[in-house]
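Given next are the chains, with one letter for each unit.
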Amino acid sequence: MLSIRNRTEMAVFVVLASLAAMSSSSILASATYELFRPVTERANLLHIIFITALIAVPIAFLLALHSMRITRYQSELEDLANTDALTGLHNRRRFLELLPQEGEDARRTVIAFVDLDRFKSINDRFGHAVGDEVFKTVAGRLQAFRPALSAARLGGDEFALMIDEGDLASDPASIVAPVRREICRPVDTSTGRISVGASIGLAVFPDDAATPSELLRAADRAMLRAKAGGGGICRFTASLDAEATDEQEIEARLRTVITSRGITPAYQPVICTATRAVVGHEVLARWTAEARGDAPSPGRFIPIAERVGLIDELFWSLLEQVLSGPAARAPDGVIALNVSPNQLHHDNFADRLATQLVRHKYDPSRLELEVTETAMFRDMETGIDVLRRIAERGVSISLDDFGTGHSSLSLVRQLPLTKLKIDKSFISPLIWSSHSESIVSATVSLCQALGLKTCAEGVEDERTFLRLQELGCDYVQGFHLGRPNPVPAACDAPAQKEALKAVAAKTAVLARKLA
Ligand code: C2E
Ligand code: CA
Ligand code: CA
């Protein structure tokens, strides 16, 4: 099909079309004259030419107009196929076309794969319209980033930048650091100021990959590594590739390992801070299908189980093992299980849980579920409803990793909580960081005011334990007090209670000395 790319070509086309129309009309006129010579002998040849041209020129003009329209549609379609409709940036398809190819005389190029942190919870909390406002602002900031040759939205909350070698005199990470700072700057939206984080993965052509799709994949892997480390910037290395293979292997084996009970519960004691008595256990998943050194850690397989939709199956497998195991047969002590975000949005979760408890004749007041804030923000209404139904049956609910998410007080009020677990990132530095101490102290006061218990996670030494005792934290967990173990510790036996009381008195004296 005839294709016209710009105005000049269009002008040339109209002139040529008109000339063609004129000449064809002359030929047409001559032919008509020859055919009807007897009739037209008296007629004026010029007159006939004029009338024919009068018909042919508008036809040529209409043809040109039609072709112009087709050309415009064509270029609009091309734009649509290459552009992200929301932000106006290039889309993934166009970005891949722009990336350098193996064998081309291409310059060294850095690809930055940008993924917004915690974006899902912004969408869940403030709605998609506000999420879109954030996307547009971030897109504008990426586009304004000068060393970048082009910016793209790859889909969802993923963006990418292509940076030319001319700007690569220094370390790629230091080149993209300013753009990360820009992205993380608060965004003004219709509901107020919102902050997003960004994890950025970097891959360099041709060092890290030779084709556009491999290059993007390498940058993606580096981004995932940055995210796993809590955000920031990470450059691709070959070892990340090995980890990816590892991840695929875990993914392939996960279902079989869960159904064959190759993932088993480990019990970490929960200690009453005042008495040092073991009052319960948190169940932590352990991959025991392999020898210890070869087995993937929970930090590796839990996110994979979540991603591939096996986390619910894992929960029920662990619950079954717990309810038929030694901890359930012990006379007292609470057992806490971690629940993953997606599980709370299954309508039948509460009923299924109740059925299991009845089947095992397990007292619901001895079961606790640990949920995180992010779990709630996905679908607030269903989440709250499911938790209320669970709590009505006597199961207690605690808020896990408090302080690492939004730390939303309105959420704390809406949920049927009994306990708040203060994340270990605030507990490890408690002794030397006044900032951490203020946070822990404020959280304990808040919980006291709201009638909630507090539990500090990650207590690794005596001084931290004593400080928590002073601050009035109700429970503690940590390697100092008990590591996760396949067999639960005995809970709260009376003799143990007495012994622990003495220890508690001693530690109180010690605490006063240390203070
Ligand atoms: P979490 O729920 O915050 O669990 C506490 C983590 O801290 C556990 O890591 C535990 O072994 C570790 N920990 C306990 N005391 C200390 C300490 O004194 N110092 C330090 N540095 N760490 C300590 P683990 O078992 O590797 O689990 C990591 C995370 O994986 C858990 O964090 C939880 O979010 C998730 N997870 C573990 N088991 C399950 C499960 O059965 N279901 C779900 N949904 N998530 C699970
Ligand atoms: Ca937990
Ligand atoms: Ca935790």
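By convention here, each chain's residues receive numbers from 1 onward along its written sequence. Labels are handed out in written order, letters beginning with A for the chains and numbers beginning with 1 for the ligands. In keeping with the model being predicted, local features are shown solely for residues with a pLDDT of at least 70 and side-chain atom pairs are shown and tallied solely at 80 or more, while totals for entire chains, interfaces and linings include all residues. Excluding hydrogens and water, the side-chain figures rest on all heavy atoms present in the structure.

A.B. asks: Run through helix α8 (residues 212–228), naming residues and quoting values.
C.D. replies: Along an α-helix, residues three or four positions apart point the same way, because every turn accommodates 3.6 residues. Starting at the N terminus, helices and strands are each numbered in turn, a helix being any DSSP run of H or I of at least four residues and a strand any DSSP run of E of at least two. Here a helix's expected span is defined as the number of its residues, less one, multiplied by 1.5 Å. Over its 17 residues, α8 runs 24 Å from end to end, which matches the ideal 24 Å to within 8%, given 1.5 Å per residue. Whether two residues are in contact is decided by their heavy atoms: any pair within 4.5 Å suffices. Those residues of α8 that are buried are in contact with α4 (92–98), β1 (109–117), β2 (148–155), β6 (197–205), β7 (232–235) and α9 (238–259). The positive-phi residue at the C-terminal boundary of α8 is Gly-230, with phi of around 95°.

A.B. asks: Now, about the nonpolar core: what can you tell me, with residues and values included?
C.D. replies: In terms of nonpolar packing, the biggest core is built from 51 residues, with Leu-369 and Ile-390 touching the most fellow members. If one sorts the elements of this core by residue count, helix α11 (residues 311–323) sits on top with 8 residues. Not counting residues up to four positions away in its chain, the partners in contact with Ile-390 are Phe-349, Ala-350, Leu-353, Leu-369, Val-395 and Ile-397. We call a set of buried residues a nonpolar core when its members are Ala, Val, Leu, Ile, Met, Phe, Trp, Tyr or Cys and they connect through side-chain atoms within 4.5 Å of each other. For every residue, the accessible area obtained with a 1.4 Å probe (protein chains only) is divided by the maximum for its type, and the residue is called buried under 20%, exposed over 50%, and partly exposed between those limits.

A.B. asks: Got a sec to walk through the site of ligand 1? Specific residues and values, please.
C.D. replies: Around ligand 1, 21 residues are found, and the nearest of them are Gln-268, Arg-286, Lys-424, Glu-460 and Phe-479. Lys-424 has a polar side-chain atom sitting 2.9 Å from an oxygen atom of ligand 1. The protein chains shown are the only cover counted for residues, whose accessible areas, like all others here, come from Shrake-Rupley with a 1.4 Å probe. Burial of ligand 1 by the protein chains amounts to 80% of its free accessible area of 790 Å². Listing elements by their share of the shell around ligand 1, those giving two or more residues are β9 (278–287), α10 (298–307), α11 and β12 (396–402). Classifying every residue of the shell around ligand 1 by side-chain character gives 9 nonpolar, 5 polar and 7 charged. The cutoff for a nearby residue is simple: one of its non-hydrogen atoms must lie within 4 Å of the molecule or strand. Under this definition, polar contacts are N or O atom pairs within 3.5 Å; protein pairs additionally need one hydrogen-donor-capable and one acceptor-capable atom, and for neighbouring residues in sequence, both atoms have to be side-chain atoms. Polar here means any residue outside two lists: the nonpolar Ala, Val, Leu, Ile, Met, Phe, Trp, Tyr, Cys and Pro, and the charged Asp, Glu, Lys and Arg; Gly therefore counts as polar.

A.B. asks: Outline a nonpolar patch on the surface, supporting the account with residue identities and numerical values.
C.D. replies: Surface patches are drawn from residues lacking salt bridges whose relative accessible area is over 30%; two like charges belong together within 9 Å, two nonpolar side chains (Val, Leu, Ile, Met, Phe, Trp, Tyr) within 5 Å. Only one rule defines a salt bridge in this text: a Lys or Arg side-chain nitrogen within 4 Å of an Asp or Glu carboxyl oxygen. Where nonpolar side chains cluster on the molecular surface, the patch consists of Phe-50, Ile-51, Leu-54, Ile-55, Ile-59 and Leu-63 and spans about 620 Å² of accessible area. Looking at the element boundaries, Leu-63 is found in helix α3 (residues 45–82). In this structure Leu-63 comes out as exposed when scored by relative accessible area, which is 53%.

A.B. asks: Tell me what's going on with the coordination of the calcium ion (ligand 2), and back it up with residues and numbers.
C.D. replies: Think of the donor list as every N, O and S atom within 2.8 Å of the metal, or within 3.2 Å for Na, K and Ca; water never makes the list, so a site can look incomplete. Listed as protein donors to the calcium ion (ligand 2) are Glu-282 (OE), Asn-338 (OD1), Glu-370 (OE) and Asp-400 (OD); their distances from the metal cover 2.1 to 2.4 Å. The sequence pattern formed by the donor residues of the calcium ion (ligand 2) is E-x55-N-x31-E-x29-D. A separation of 3.8 Å is found between the calcium ion (ligand 2) and the calcium ion (ligand 3), which share Asp-400 as a coordinating residue. Placement of the pair is Glu-282 in strand β9 and Asp-400 in strand β12, with a sequence separation of 118 residues. Both residues of the pair, Glu-282 and Asp-400, count as buried.

A.B. asks: Explain the pattern of salt bridges to me, and be specific about the residues and the numbers.
C.D. replies: Scanning the entire structure with this criterion turns up 26 salt bridges. In this structure, the salt-bridge partner of Arg-300 is Asp-246, at a minimum N-O distance of 3.3 Å. In this pair, Arg-300 sits in helix α10 while Asp-246 sits in helix α9, placing the two residues 54 residues apart along the sequence. A relative accessible area of 25% means that Arg-300 is categorised as partly exposed.

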